[in-house]
4 protein chains.
Amino acid sequence: MIRFECDYAEGAHERIIGALVKTNFEQTPGYGEDVYCEEARALIRKECKNEDLYVQFLVGGTQANLTVIAAALRAHEGALCASTGHINVHETGAVEATGHKVLPLPSEDGKITAEQIEEAYLLHINDSSFEHMVKPGMVYISNPTECGTIYKKAELEAIYKVCQKYDLPLFLDGARLGYGLLSPENDMTMADIAANTDVFYIGGTKVGLLMGEAVVIKNELLKRDFRYFIKQKGAMLAKGRLLGVQFAEAFRDGLYYEMSENAIALAEGIRNAFLKKGIAMRYDSPTNQLFPILTQEQCAVLGKDFAYSNIEALADGRKVVRFCTSWATKKEDAETLIRAIETL
Amino acid sequence: MIRFECDYAEGAHERIIGALVKTNFEQTPGYGEDVYCEEARALIRKECKNEDLYVQFLVGGTQANLTVIAAALRAHEGALCASTGHINVHETGAVEATGHKVLPLPSEDGKITAEQIEEAYLLHINDSSFEHMVKPGMVYISNPTECGTIYKKAELEAIYKVCQKYDLPLFLDGARLGYGLLSPENDMTMADIAANTDVFYIGGTKVGLLMGEAVVIKNELLKRDFRYFIKQKGAMLAKGRLLGVQFAEAFRDGLYYEMSENAIALAEGIRNAFLKKGIAMRYDSPTNQLFPILTQEQCAVLGKDFAYSNIEALADGRKVVRFCTSWATKKEDAETLIRAIETL
Amino acid sequence: MIRFECDYAEGAHERIIGALVKTNFEQTPGYGEDVYCEEARALIRKECKNEDLYVQFLVGGTQANLTVIAAALRAHEGALCASTGHINVHETGAVEATGHKVLPLPSEDGKITAEQIEEAYLLHINDSSFEHMVKPGMVYISNPTECGTIYKKAELEAIYKVCQKYDLPLFLDGARLGYGLLSPENDMTMADIAANTDVFYIGGTKVGLLMGEAVVIKNELLKRDFRYFIKQKGAMLAKGRLLGVQFAEAFRDGLYYEMSENAIALAEGIRNAFLKKGIAMRYDSPTNQLFPILTQEQCAVLGKDFAYSNIEALADGRKVVRFCTSWATKKEDAETLIRAIETL
Amino acid sequence: MIRFECDYAEGAHERIIGALVKTNFEQTPGYGEDVYCEEARALIRKECKNEDLYVQFLVGGTQANLTVIAAALRAHEGALCASTGHINVHETGAVEATGHKVLPLPSEDGKITAEQIEEAYLLHINDSSFEHMVKPGMVYISNPTECGTIYKKAELEAIYKVCQKYDLPLFLDGARLGYGLLSPENDMTMADIAANTDVFYIGGTKVGLLMGEAVVIKNELLKRDFRYFIKQKGAMLAKGRLLGVQFAEAFRDGLYYEMSENAIALAEGIRNAFLKKGIAMRYDSPTNQLFPILTQEQCAVLGKDFAYSNIEALADGRKVVRFCTSWATKKEDAETLIRAIETL
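Residues numbered from 1 in each chain as written. Chains lettered and ligands numbered in written order. Predicted model: local features only at pLDDT ≥ 70, side-chain atom pairs only at ≥ 80, totals over all residues. Heavy atoms only, no water.

Asks: Honestly, helix 3 (residues 61-72) of chain D in this entry has me stumped. Any pointers?
Replies: Along an α-helix, a turn takes 3.6 residues, which lines up residues three or four apart on a common side. Residue and element names in this part refer to chain D. Relative to the 16 Å expected for twelve residues at 1.5 Å per residue, helix 3 spans 16 Å between its end C-alpha atoms, a close match to the ideal helical length. For helix 3, the buried fraction is high: eleven of the twelve residues fall into the buried class. Residues T62, Q63, A64, N65, L66, T67, V68, I69, A70, A71 and A72 constitute the buried set of helix 3. (Helix = DSSP H or I, 4+ residues; strand = E, 2+ residues; numbered from the N terminus. Expected span 1.5 Å × (residues − 1). Buried < 20%, exposed > 50% of the residue type's maximum accessible area, 1.4 Å probe, protein only.)

What follows is the structure, given as structure tokens:
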């Protein structure tokens, strides 16, 4: 069984785990206040071309989402996001458990637009019963989205402009950020992301690290007391240096992008194989997640040798499934899958 | 200006406020443990034909909703409800502020069906990622709904059957219960409501009391420790007897129904006037809330002498507005409105 | 049985309930946006000698406490208060239910000092693990306190100075404010209270109203969006004018103080009777709550004709109990009690 | 600088990190549903001599505490614990952020007794205002405690008996469990812990793993839906197998105890050196945390070469500090410290 069901089936890139082994017996202070975290912070600031960014390392994505959102909102405010957004669908109500409503906007492809945000905000503010409704207090987007799609630079700039106009902090969930930045359709750098958000995170768990997400904060109000929130939410790793060591290795010489590239190159080949076979995609994803619509027979055939995720059952009996590549996907495994698709 | 914008524009029925005046200088214990609350409880149990019901009096509807829901759910559970449900739209995230996600089901008329509930529950339970999503933990409906529509007895029985099948407590918000029970289309008694829910409340604020909602609990687990929740949510009235006095008066000899009947009779006349004039209704409401769709000109004309609520702006420029009658609406005011509609 | 167990055993002062009766059939907008609320706000601003104060009316004390605190704090902050404070002891964790820790300071008499607040704040800020502890984010005091004691003007000024120095909003719970202001030992006006707090409330429930607390906000940040919090916490009364009518009546010509005076005068007589009899007081209260320490025999004798509250069982078998007077206490009832004490 | 400030200054035992390296490129399902987690669960069940235990792996201690407590309590309940308890002092209000009050009991040495628990519970239940106070809903203890002390088997049995009598789930925080079990004063096995608690966790972060705590649940109600809580609290590790691999290695052949033993043996030597020197201990700890009371001069001398933690400043100018040994402490480093103490 070759696993394409997700992008966290293996451990870490050999250089990443090597760095952990190499530093294993060094003694450092805890809670992310060690030299490796400092080095990783400096590297990320440099990558983002902004020396004033505040960087903290958390273990996972849901944790990062709920911690940032709890820090950004007052109790009567909610987070605008796509109806498909991870915080709205797949975090067991983590945001609501901190007291805040998620305010979903309709989305066909995982993305939302500046227009939607402005319209939702104005609709709220101009309603005569506005105080009886949750106030939009921030905007959450993901890039790539849960559908594998990505934002164009102009789209992100437009969103950020609206957010600034209405004083809504913009938070970008970058759990798969590397795969977005390496997509052939991408026209942004990490510095562009930093310039056009109030806070975002660089996903490590799904991009070659054992675990870890680097939260990057530009908004001064959000920086204030942020570490209290990390601790309160159970997100402060005692051996914080484990995250610092990994992110430093990932950003010292471009390894993060190199790992991302592997996933993108192999995903492209698999997508082409599906399309050639006349198999449609549920979402037009240019990143590492592919969402082919398969017949039950096709599912049965591919399911014998390959693990994939079930996403959605269509009314006509077909199924939307997900195949993911990752930093760890082997070329030969991708080729085996492609051959299997060709013989469907 | 004659007010039809809501059903809480006046104080209380003269008999209700009279009862408060009459008992004003009596001394009683606090927190709802007085003889008037006991009398009101007994009357409500009798009305519901169930001596085991547990009855507590709260001040308002949002308070009742959030207190019951916080008492009914574990932290990972949410409340299924119509997308139009009051808890989903007009309580400033009160339920989320207690940590729970509201799980909206699509609804055109404010109602949901047994089938929808079953489908949502099974979809959750059968999803391979079910633990990553909020678990449906109860069902919230309102009768009449926010759209003025009501459930038929067979519909409520079907919903309750599904709820019992999947161990989902059923909670009925009866903020306007009297107006539902007196509707010509209604085929239920209060005893039917009690028999087919785990918990419901009898609205007083909108049906002739100064304020107050009587929460009626049948479910044994919900009864347990319920008063702790009332206190924690700031919903325990020091002078609880104010609520007992009012509900006792309302249920001693049928005053609650008499007050409700006034609203229904007058609403029917107004609805007929709109329909005769060819003015369509957004929702087919047989209760005290009417939702005519008016042109801007019609709004301007009626707005000179009558207060109404703005509900929705349609794409074609027309507006959905709301006219409410209540226990307090005077016959002559309703007639004045009808004449104004006729001359539109 | 004559009730001295609390100060909410009766309804409302006859002028207060009379005002409700008189305005009962007027039509007004809901949610506190009516002319009576406006009038009451203006009267309270005048009483406080500050035209910029923001005034909202809530139904009860726990509700007012949890709403103000939820509005004032970010999620990692807590409220410093006396260990005896109502929010720490007798609100079923209402503040914690909004996510915030109550941070108790030791207190023998219900009061805390400016020194204690400063010390607690500095201890926190200077701890090397400060981010692992809840940050003091505001200060809660009550006046009179739960022990019946009151703050002197100099004490309150000192507390407010420390609060301002460390940017800690100061919140004064005035559930029994009238009884504090009318105490012979008091040296403050309501304007002094307003000048030396960020937010406080004027208790109505215990001082002659059916129910109601007037929350008075000076702090600009707290004013912002405060009504959203009222609604979210279930504290927005549909018929808000009920509170406006009552507070307007209470402050139109000094009725609030007149009602308070009754309680104070009668309490003084009762206290003197206890002291003459050699019965010690647990707290040296100059307000309407008295805390005599009685033998079991004395309890039995007084318990036959008078209701009182049990507060604490002492190791020597004696009991601390509470006798309250109020706006409603009749002179003859107080005299009956005094005679009973004299014959102990 | 040799670090004795905490027991998480290094990475992981070489066998533990070796196991991660060895399995690094294997593909497994995510979220703890892999063969390594299954193996670790089986080993732990065996160690606890109870095949019905439910075992889940979380990343850190605060996370484990808040997740278990949120799963165990209804909204009106709180957790009884020692005033010194980690959840009361050093988790930035993590428990309160889930809505629950921590109910501290006085403690001089980090422990609480069965008598204290029973007394607190009865005091609550017998108070006439019990519904106005947070209901004790569970008991939290730690072993070893934050003071380094441990429970005797008879003490734990007595506590569990009281907990069962009053239906209070007993939760034991075992962040340093290995160091407790290897203490010369200990008379319990892990099976005894499992037999006398409803839920406990086996600390990995501080006992030789990179990170990880194994939550072991015996209580059937707590088992139900527990993984939803893990996900909601951001505590579900995508690559769950990282925790399974480490715990399996630790429990396959007794490595967990071996690692613990190192800390205990070296701590004993250091303690003896302090005591010989006439330096008193703040707490009489028989485990890996030592709390000597040092003069400022002694602090200055030791601070030159050794990192320690500051715990408390005494009124006489002396300081309580903390020296920790761990699985990683080198014998030569301990000896260097001992020599330094001898020359004080």
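Asks: What am I meant to see in the interface of chain C and chain D here?
Replies: A common way to express how large an interface is: the accessible area buried when the components associate. Listed as interface residues are 18 residues of chain C and, on the opposing side, 18 residues of chain D. Across the interface of chain C and chain D, roughly 1,400 Å² is buried in total on both sides, 49% from carbon and sulfur atoms. Contact with chain D buries area across many residues of chain C, yet T92(C), E96(C) and K101(C) alone supply 37% of it, more than any other trio. Here chain C and chain D share two salt bridges between them. Summed over the shared surface of chain C and chain D, the result is ten residue pairs in polar contact (both at pLDDT 80 or more). Elements that contribute at least two residues to the side of chain C that touches chain D include exactly helix 4 (86-89) and helix 5 (94-97) of chain C. Counted by class, the side of chain C that touches chain D contains five nonpolar, nine polar and four charged residues. (Contact = heavy atoms within 4.5 Å. Buried area = accessible area lost by both parts, 1.4 Å probe. Salt bridge = Lys/Arg side-chain N within 4 Å of Asp/Glu carboxyl O. Polar contact = N/O pair within 3.5 Å; in protein donor to acceptor, adjacent residues only side chain to side chain. Nonpolar A, V, L, I, M, F, W, Y, C, P; charged D, E, K, R; others polar.)

Asks: Which parts of the structure should I look at to understand helix 12 (residues 241-252) of chain A?
Replies: All names here are of chain A. Look at helix 12: 16 Å from first C-alpha to last across twelve residues, which is about the 16 Å you get at 1.5 Å a residue. All of the buried residues in helix 12 are R241, L242, L243, G244, V245, Q246, F247, A248, E249, A250 and F251. Of the residues trailing helix 12, G254 is marked for its positive phi of about 90°.

Asks: What should I look at first to understand the packing of helix 13 (residues 255-276) of chain D against helix 15 (residues 331-342) of chain D in this one?
Replies: For any two helices packed against each other, the geometry comes down to the angle between their axes and how far apart the axes lie. Residue and element names in this part refer to chain D. Two elements in contact, helix 13 and helix 15, have axes separated by 9 Å at closest approach and are oriented at 5°. The orientation of helix 13 with respect to helix 15, classified from their angle, is roughly parallel. Across the interface between the two elements, L266, G269, I270, A273 and F274 of helix 13 pack against K331, A334, L337, I338 and I341 of helix 15. Within the contact of helix 13 with helix 15, the residues separate by chemical class into eight nonpolar, one polar and one charged. (Axes fitted to C-alpha atoms, helices over the stretch in contact; angles between N-to-C directions. Parallel < 35°, antiparallel > 145°, perpendicular 65-115°, else oblique.)

Asks: I tried to follow the interface of chain A and chain D on my own but got confused; where do I start?
Replies: Counting residues at the interface gives 47 residues for chain A and 47 residues for chain D. Along the contact surface separating chain A from chain D lie zero salt bridges. Here chain A and chain D share 28 residue pairs in polar contact (both at pLDDT 80 or more) between them. Element by element, the count of residues in the side of chain A that touches chain D is highest for helix 1 (residues 14-22) of chain A, at four residues.

Asks: Would you mind showing me how to read the packing of aromatic side chains here?
Replies: The geometry of an aromatic ring pair is captured by the separation of the ring centres together with the interplanar angle, meaning the angle of the planes. A complete count under the given rule lists 60 aromatic pairs over all chains for this structure. With a centroid separation of 5.9 Å and an interplanar angle of 65°, the aromatic rings of Y228(A) and F130(C) are classed as edge-to-face. A residue pair is termed interchain when its members come from two chains, as with Y228(A) in helix 11 (residues 226-232) and F130(C) in the loop between helix 6 (114-125) and strand 5 (135-142). Here F130(C) falls in the partly exposed class, since its relative accessible area comes to 28%. Seen from their ring centres, Y256(A) and Y257(A) are 6.0 Å apart, and the 80° between their planes marks the pair as edge-to-face. Chaining the aromatic ring pairs together yields one cluster made of F4(A), F274(A), F306(A), Y308(A) and F323(A). Looking at K111(C), its charged tip hangs above the ring of Y151(C), at a distance of 5.4 Å from the centre. (Phe/Tyr/Trp six-rings, centres within 6.5 Å; stacked < 30°, edge-to-face > 60°. Lys NZ or Arg CZ within 6 Å of the ring centre and 35° of its normal.)

Asks: Looking at this structure, I do not really get the side chain of Q116(A). What am I missing?
Replies: Residues and elements named next belong to chain A. Within the secondary structure, Q116 is located in helix 6 (residues 114-125). Looking at Q116, its side chain comes within polar contact range of the main-chain oxygen of P106, at 2.7 Å. Among the polar contacts made by the side chain of Q116, one reaches the main-chain amide nitrogen of T113 at a distance of 3.0 Å.

Asks: Would you take a moment to explain the pairing of strand 6 (residues 170-173) of chain B for this structure?
Replies: Regular strands place side chains that alternate from one sheet face to the opposite one. All names here are of chain B. By the alternation rule, side chains of strand 6 split into L170 and L172 and F171 and D173, which are all buried. Here strand 5 (residues 135-142) runs beside strand 6; their pairing, made up of four bridges, is parallel. Residue pairing across strands places V139 opposite L170, the latter belonging to strand 6. This β-α-β element, strand 5 to helix 7 (residues 153-165) to strand 6, shows right-handed connectivity. Two elements, strand 6 and strand 7 (residues 199-203), share two bridges in a ladder whose sense is parallel. Bridge pairing in strand 7 places F171 opposite V199. (Pairing = 2+ DSSP bridges. Right-handed = clockwise from strand over helix to strand, strands pointing away.)

Asks: Help me understand the pairing of strand 13 (residues 319-324) of chain C, please; the structure alone is not making it clear to me.
Replies: Residues and elements named next belong to chain C. For strand 13, the tally of buried residues reaches five of six residues, placing the bulk of the element in the interior. Taken together, the two bridges between strand 9 (residues 289-290) and strand 13 define a ladder with antiparallel strand orientation. Looking across to strand 13, one finds that Q289 is bridged to C324. By the bridge criterion, two bridges tie strand 10 (residues 293-294) to strand 13 in an arrangement that is antiparallel. For I293, the partnering residue across the bridge sits in strand 13 and is V320. Between strand 12 (residues 309-313) and the antiparallel strand that follows it, strand 13, lie five residues; G317 among them carries a positive phi value of about 95°.

Asks: Any chance you could explain the relation of the copies chain C and chain D here in plain terms?
Replies: One copy of the chain maps onto the other through a rotation about an axis plus a displacement along that axis. Once chain C is rotated about the relating axis by 180° and shifted along it by 0.0 Å, it coincides with chain D to within an RMSD of 0.0 Å. The relationship between the two copies is best expressed as a two-fold rotation axis. Of the interface residues in chain C, 100% have counterparts in chain D that sit at the interface too, so the contact is made through matching surfaces. (Least-squares fit on C-alpha atoms with pLDDT ≥ 70 in both.)

Asks: What exactly am I supposed to notice about the environment of M281(C) here?
Replies: All names here are of chain C. Position of M281 relative to the elements: it lies in the loop between helix 13 (255-276) and strand 9. The class for M281 is buried, based on a relative accessible area of 18%. Discounting chain neighbours no more than four positions away, the residues touching M281 are R271, F274, L275, F291, P292 and I293.

Asks: Looking at this model, I keep getting lost on the relation of the copies chain A and chain D. Mind explaining?
Replies: Once chain A is rotated about the relating axis by 180° and shifted along it by 0.0 Å, it coincides with chain D to within an RMSD of 0.0 Å. Take the interface residues of chain A: 100% of them recur as interface residues in chain D, which is what a same-surface contact looks like.

Asks: Would you mind going over the packing of helix 6 of chain A against helix 7 (residues 153-165) of chain A with me for this structure?
Replies: Residues and elements named next belong to chain A. At their nearest, the axes of helix 6 and helix 7 sit 8 Å apart, and the two run at 20° to each other. With respect to helix 7, the element helix 6 is oriented roughly parallel. Contact residues: helix 6 offers A114, I117 and E118, while helix 7 offers A158, I159, V162 and K165. Grouping the constituent residues of the contact of helix 6 with helix 7 by class yields five nonpolar, no polar and two charged.

Asks: It is not clear to me how the confidence of the model for chain A should be interpreted in this structure. Could you clarify?
Replies: Do not read the fine detail of predicted coordinates wherever pLDDT is low. Averaged over all residues, the pLDDT of chain A is 98; the fraction at 70 or higher stands at 100%. Across the interface, the model reports ipTM at 0.97; the global pTM reads 0.97. (pLDDT = per-residue confidence, 0-100.)

Asks: It is not clear to me how the environment of K239(D) should be interpreted in this structure. Could you clarify?
Replies: Locating K239(D) in the fold gives a position in the loop between helix 11 (226-232) and helix 12 (241-252). Setting aside residues no more than four positions away along its own chain, K239(D) makes contact with Y8(A), E10(A), G11(A), T205(A), L209(A) and L210(A). Within the local environment of K239(D), its side chain forms a polar contact with the backbone oxygen of G11(A), the two atoms lying 2.9 Å apart. A polar contact of 2.7 Å, which involves the side chain of K239(D), links it to the backbone oxygen of T205(A).

Asks: Would you mind showing me how to read the sheet that holds strand 5 (residues 135-142) of chain D here?
Replies: The strands that make up a sheet pair up through hydrogen bonds in the backbone, lying either parallel or antiparallel. Residue and element names in this part refer to chain D. Taken together, seven strands build an open sheet; the order of strands is 2-8-7-6-5-3-4 and the sheet is mixed. Two strands close off the open sheet at either side, each with one partner strand: strand 2 (54-58) and strand 4 (102-105). Averaged over all adjacent pairs, the angle separating strand axes in this sheet is 25°, with direction ignored. Helix 3 contacts strand 2, strand 3 (77-82), strand 5, strand 6 (170-173), strand 7 (199-203) and strand 8 (213-217) of the sheet and is inclined by roughly 175° relative to strand 6.

Asks: How should the nonpolar core be read in this particular structure?
Replies: Generally speaking, soluble globular proteins have nonpolar side chains that are buried together. Residues I202(A) and I202(D) are the most contacted members of the largest nonpolar core, which totals 135 residues. Every residue in contact with I202(D), bar those within four places of it in the chain, is listed here: I44(D), G174(D), L177(D), M190(D), G212(D), E213(D), A214(D), V216(D), F247(D), F251(D) and Y256(D). Counting residues in hydrophobic clusters, the runner-up holds 134 residues, among them C48(B), Y151(B), A40(C) and A214(C). (Core = buried A, V, L, I, M, F, W, Y, C linked by side-chain atoms within 4.5 Å.)

Asks: When you look at the sheet that holds strand 4 (residues 102-105) of chain A in this model, what are you seeing that I'm missing?
Replies: Residues and elements named next belong to chain A. Reading across from one edge, 2-8-7-6-5-3-4 is the order of the seven strands in this open sheet, with mixed pairing throughout. Two strands lie at the open edges of the sheet, namely strand 2 (54-58) and strand 4, each paired on one side alone. On average, adjacent strands in this sheet sit at an angle of 25° to one another, irrespective of strand direction. Helix-sheet contacts for helix 2 (residues 35-47) involve strand 2, strand 7 (199-203) and strand 8 (213-217), and the interaxial angle to strand 2 is about 125°. Lying on the sheet, helix 6 is in contact with strand 3 (77-82), strand 4 and strand 5 (135-142); it crosses strand 5 at an angle near 165°.

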